[in-house]
Amino acid sequence: MARLASPRGRGARRRIAALAALTVVAAGLGTVPSAVAADAPTPIATNGVWGIDFAGGVLNTVEVAPSGPQFAFARQISPGGTTVGAPTSMGYVDTYATGAHAKRVPCDAGDCVLLRATGNGHVGRFFVDNGQERAQIWLTGNALHGFDEPAVTGGRFVDATGRYFVYEAASTGKQYIDDVGIRRSDVRMTRSITAASVWGSVLWTAASTAGAVTATDLEQKKVVQTVATGAPCVIKDLQTVGRWIYWNCGPSGAAGVYDRTAKKSVTVPSGAALVGDGYLVRHDRTAGKLLLTDFHTGTAAPPREIADLPAGRTADQRRLTWAVDKFGGDIAYVGPDKAIRIVESGVPAQPLAKIESDLNAGYVDLKNDGGGQTWESTWQLNAPATWTFVVKDIRGRAIRTLSGGPGAEVAVVWDGKTDTGRPAANEIHTWTLTAKAVKGGGTYTTSGKISVSGGVQGHHDQGGNDFGELVTLNSTGGLTLHYTEGKGKLDWKRSGAGWPKGTVAVPFGDMGSDRCAEMLVRMPNGELRRYAGKCGSPYTPNSSHTSLGTGWNAYNVLTVPGDLTGDGRPDLLARKASTSDVYLFANDGHGKLKAGVRIRSSWTGYTKVVGAGDLNGDGYGDVLAHHKDGTLYRYDGTASGKLKERVKVFGAWGTSYDTVVGVGDITGDGKADLVERDRSGNLFRNNGNGKGSFGSRTKIATGWQVYKGVF
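Keep in mind that this is a model prediction, so the values were computed, not measured.

1. Re the overall build of the chain
- On a plain count of helices and strands, the chain comes out with 1 helix and 56 strands.
- By the compact-globule yardstick of 27 Å for 711 residues, the chain is too spread out, its C-alpha radius of gyration being 34 Å.
- Taking the principal axes of its C-alpha atoms as reference, the chain extends roughly 105 × 55 × 45 Å.
- Residues classed as buried in the chain amount to 56% of the 711 residues present.
- Pairs at least 24 residues apart make up 47% of the contacts formed inside the chain by residues separated by at least 6 positions.
- Summed over all atoms, the accessible surface of the chain reaches about 27,300 Å², with 50% contributed by carbon and sulfur.
- Once the 79 positive and 65 negative side-chain charges of the chain are each reduced to a mean point, those two points are 5 Å apart.

2. A short note on the sheet that holds strand β22 (residues 255-259)
- Pairing in this open sheet of 4 strands is antiparallel, and the strands run β20-β21-β22-β23 from one edge to the other. Among the strands making up the open sheet, the edge pair consists of β20 (237-241) and β23 (264-267). Strand after strand, the sheet turns through a mean of 20° between neighbouring axes, direction not considered.
- As judged from the 5 bridges shared by β20 and strand β21 (residues 244-248), these two strands associate in the antiparallel manner. By the bridge assignment for β21, Leu-238 is matched with Trp-247.

3. Focus on the confidence of the model for the chain
- Per-residue pLDDT for the chain has a mean of 91; in total, 93% of the residues score no lower than 70.
- Considering only residues more than four positions removed or in separate chains, one finds that residues 1-40, a stretch of pLDDT under 50, has 111 contacts.

4. Looking at the nonpolar core
- Ranked by internal contacts, the top residues of the largest apolar core, which has 29 residues, are Leu-572 and Leu-593.
- Looking at this core, the elements that each hand over two or more residues are β37 (470-474), β38 (479-483), β40 (504-507), β41 (519-522), β42 (528-531), β44 (555-562), β45 (571-576) and β46 (582-585).
- When residues no more than four places from it in sequence are discounted, the contact partners of Leu-572 are Val-506, Phe-508, Leu-520, Leu-528, Trp-552, Leu-558, Thr-559, Val-560, Tyr-583, Leu-584, Phe-585 and Leu-593.
- Core analysis: the next-biggest nonpolar cluster, separate from the first, contains 24 residues, Val-364, Leu-366, Phe-389 and Leu-433 among them.

5. Focus: the pattern of salt bridges
- One pass over the full model with this rule turns up 32 salt bridges.
- Arg-116 is the partner of Asp-159 in a salt bridge, and the nearest nitrogen-oxygen pair spans 3.8 Å. Here the residue Asp-159 occupies a position in strand β12 (residues 155-161), and Arg-116 occupies one in strand β8 (residues 116-117), the gap between them amounting to 43 residues. Arg-116 matches Asp-159 in its accessibility class, with the two residues each being buried.

6. Details of the layout of surface pockets
- Taken as a whole, the largest pocket encloses approximately 1,300 Å³ of empty space.
- Along its surface, the largest pocket is lined by 46 residues, and Arg-422, Val-456, Gln-457, Gly-568 and Gly-619 are the ones closest to its centre.
- Where the lining of the largest pocket is concerned, the elements lending two or more residues are β34 (398-414) and β44.
- Sort the elements by how many residues they give to the lining of the largest pocket and β44 lands first, with 3 residues.
- Of the volumes computed, that of the second largest pocket is approximately 910 Å³.
- The wall of the second largest pocket is formed by 41 residues, among which Arg-116, Arg-156, Phe-157, Arg-318 and Arg-319 lie closest to the centre.
- Looking at the lining of the second largest pocket, the elements with two or more residues in it are β1 (52-55), β6 (105-107), β8, β12, β16 (196-199), β20 and β24 (273-275).

7. Here's the deal with the pairing of strand β35 (residues 428-437)
- Only one face of β35 is buried: it carries His-429, Trp-431, Leu-433, Ala-435 and Ala-437, and the other face, with Ile-428, Thr-430, Thr-432, Thr-434 and Lys-436, is open.
- Alignment of strand β33 (residues 375-392) against β35, held across 8 bridges, turns out to be antiparallel. The partner of Ala-385 across the bridge, within β35, is Ala-437.
- From the end of β35 to the start of strand β36 (residues 443-453), which pair antiparallel, there are 5 residues, and Gly-440 there has a positive phi angle of about 80°.

8. Here's the deal with the sheet that holds strand β25 (residues 279-284)
- The 4 strands are arranged β24-β25-β26-β27 in an open sheet whose pairing can be described as antiparallel. Either end of the sheet is taken by a strand with one partner, and the two such strands are β24 and β27 (304-308). Each strand of the sheet is rotated relative to its neighbour by a mean of 25°, with strand direction disregarded.
- The sheet contact formed by β25 and strand β26 (residues 289-294) spans 6 bridges and is antiparallel. In the sheet register, His-283 faces β26, and the bridge partner there is Leu-290.

9. Some thoughts on unusual backbone geometry
- Cis geometry marks the peptide bond from Gly-405 to Pro-406, where omega comes out at 0°.
- In this structure, Lys-338 is a non-glycine residue whose phi angle is positive, near 70°.
- Position of Lys-338 relative to the elements: it lies in the loop between β29 (331-334) and β30 (340-343).
- Positive phi, normally seen in glycine, also occurs at Ala-652, with a value near 45°.
- For Ala-652, the position within the fold is in the loop between β51 (647-650) and β52 (657-664).

What counts, and at which threshold
- Residues numbered from 1 in each chain as written.
- Predicted model: local features only at pLDDT ≥ 70, side-chain atom pairs only at ≥ 80, totals over all residues.
- Heavy atoms only, no water.
- Helix = DSSP H or I, 4+ residues; strand = E, 2+ residues; numbered from the N terminus.
- Rg over C-alpha atoms; globule rule 2.2 N^0.38 Å.
- Buried < 20%, exposed > 50% of the residue type's maximum accessible area, 1.4 Å probe, protein only.
- Contact = heavy atoms within 4.5 Å.
- Areas by Shrake-Rupley, 256 points an atom, 1.4 Å probe, with all protein chains shown as cover.
- Lys, Arg positive; Asp, Glu negative; His and termini not counted.
- Charge placed at Lys NZ, Arg CZ, Asp CG, Glu CD.
- Pairing = 2+ DSSP bridges.
- Axes fitted to C-alpha atoms, helices over the stretch in contact; angles between N-to-C directions.
- pLDDT = per-residue confidence, 0-100.
- Core = buried A, V, L, I, M, F, W, Y, C linked by side-chain atoms within 4.5 Å.
- Salt bridge = Lys/Arg side-chain N within 4 Å of Asp/Glu carboxyl O.
- 1 Å grid on protein atoms, 1.4 Å probe; cavity = no way out; pocket = protein on both sides within 12 Å on 5 of 7 lines; lining within 4 Å.
- Points joined across faces, edges and corners; volume = space filled by probe spheres on them.

Written out as structure tokens, the structure reads:
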């Protein structure tokens, strides 16, 4: 038999391999009879069912494909079966040429495959090869987990919920607990056979004391709770659904449901049962009926008939002719006409809630291994739901919205990009997940943070972490990058030597597509060079660079306001010394600057012109101009390459400053800040307020008079 090369557990969903031997067989699936947009209780017509289970709104069956062999199928079912999705393959279950096959058990249809639906769209079954059985969890129609599960005989599933499953084997007398995970460490456990059930990441186990059950956290691998159910025996069978713990003392013994919220047990009818959310179903073979017992109120109501189902040939027909969706769902059964019918329980479900989750680490590196990475996380819910996942930037603006469902599992994959397809900014983003139950209403909401690196740089960001950096030149030719950890001060630095006196550095931004910010440097002879971005490393004159032309000594201001053309790229402003006219040199995105365009004339009254980044949160770069009378003005940028008319920010401000730098965000709040040096060498910070102005100054360093240039 051909085998999938998919490794167990960690990364299983990323590393799904195709089962080539099945591709030809699966190609003959054609169409399987199904009811799409049917009105309940219109049956789902089939050509026969050889195994059935129901979980999380997904109906799993074994049926014969039009091409001849049997396959496992999955259909999405809406509450009450009012709509039924088309069947999709969940793998081949017939016999291979080698004799290998899915494990079969006697049933009314001849021999059936016992399926175990997990509630997240996966389905379990045993596979037999050379007389040995292995538990398998099929993730899709051609990918599975289970190659390194132990070889046994007499295997059967005990329970499964989401990623976690329990099975046992007669040949070993052991019970096995395992998971199909993405990031977690292995949870595999092996122990003696006992009554057990799993709900999320909690394993419930019958203790050796009458009526006692223990709860084991499978992530921590330790017992976290013991419950006295009131059962008069050492429990023989357990089923857990949220707050409910079903127990029985054997096929004809006492049975009950312990309510973990009310902390009491409710007596229910004995016999083989399947438990839903607040109810259980039994097959009365004598009467030929499916009977439902509603216990959600804390008292067991008299059993009521919900369907006719003949006695059949086997004593226990659970998951052979009928099944219950324990995830707040309904009941499915196969009638004598081979059609599947969906019956609503009529019992209100518990509020929508998370059972367990598997969250990615809180960061995305878009340049990881050269190809970037994604943020992948799952939430297992207690009922099917539709969901919306919204990512917001540090200023609270929604940049990406994802949605999905219906299903009892939420699986989110964020590629670190915005809704427009551009990489997100290098900053800490917040996310909010909102899930809405498809039956009975109810909402589940959770949130968190994701830090993005390798994305779009912030203003003045040379390190790739969205914080701005200051650049200095000292008398010995050291060009130094001063880095911040985002707490409002400069924390560490890196230097490159050999720069001549008169060098002017202009921290720029990405001029290509590698998302490393370039450094523009005007050499003393008037040549403007573009130094290739180094994402944090310092520059020397011999670092990789390209000339952007000569004659740049004609300008007495070179500054970067941010994006002034609406293309998302930073641009250069230059003020001509002879006329004080201001020119825009737009970034062409390919390592060059477009020809200069005059956008303002005769800015003779301004002693300083400072590119400040986006000060007001509109997405465009802004400019600060310090007038010789001490007034500080702001010119808001636009997408057209122009500047709006000036707005007064401060009066009688900054007369002691010899340098003012629009440094970008150095406080970690996503708002562009301002740094100034006075003539005594003191360095100050004014926090940006995100609305175009700044707070009062804070001294952050002294002794900066040693630097010949601060950029």
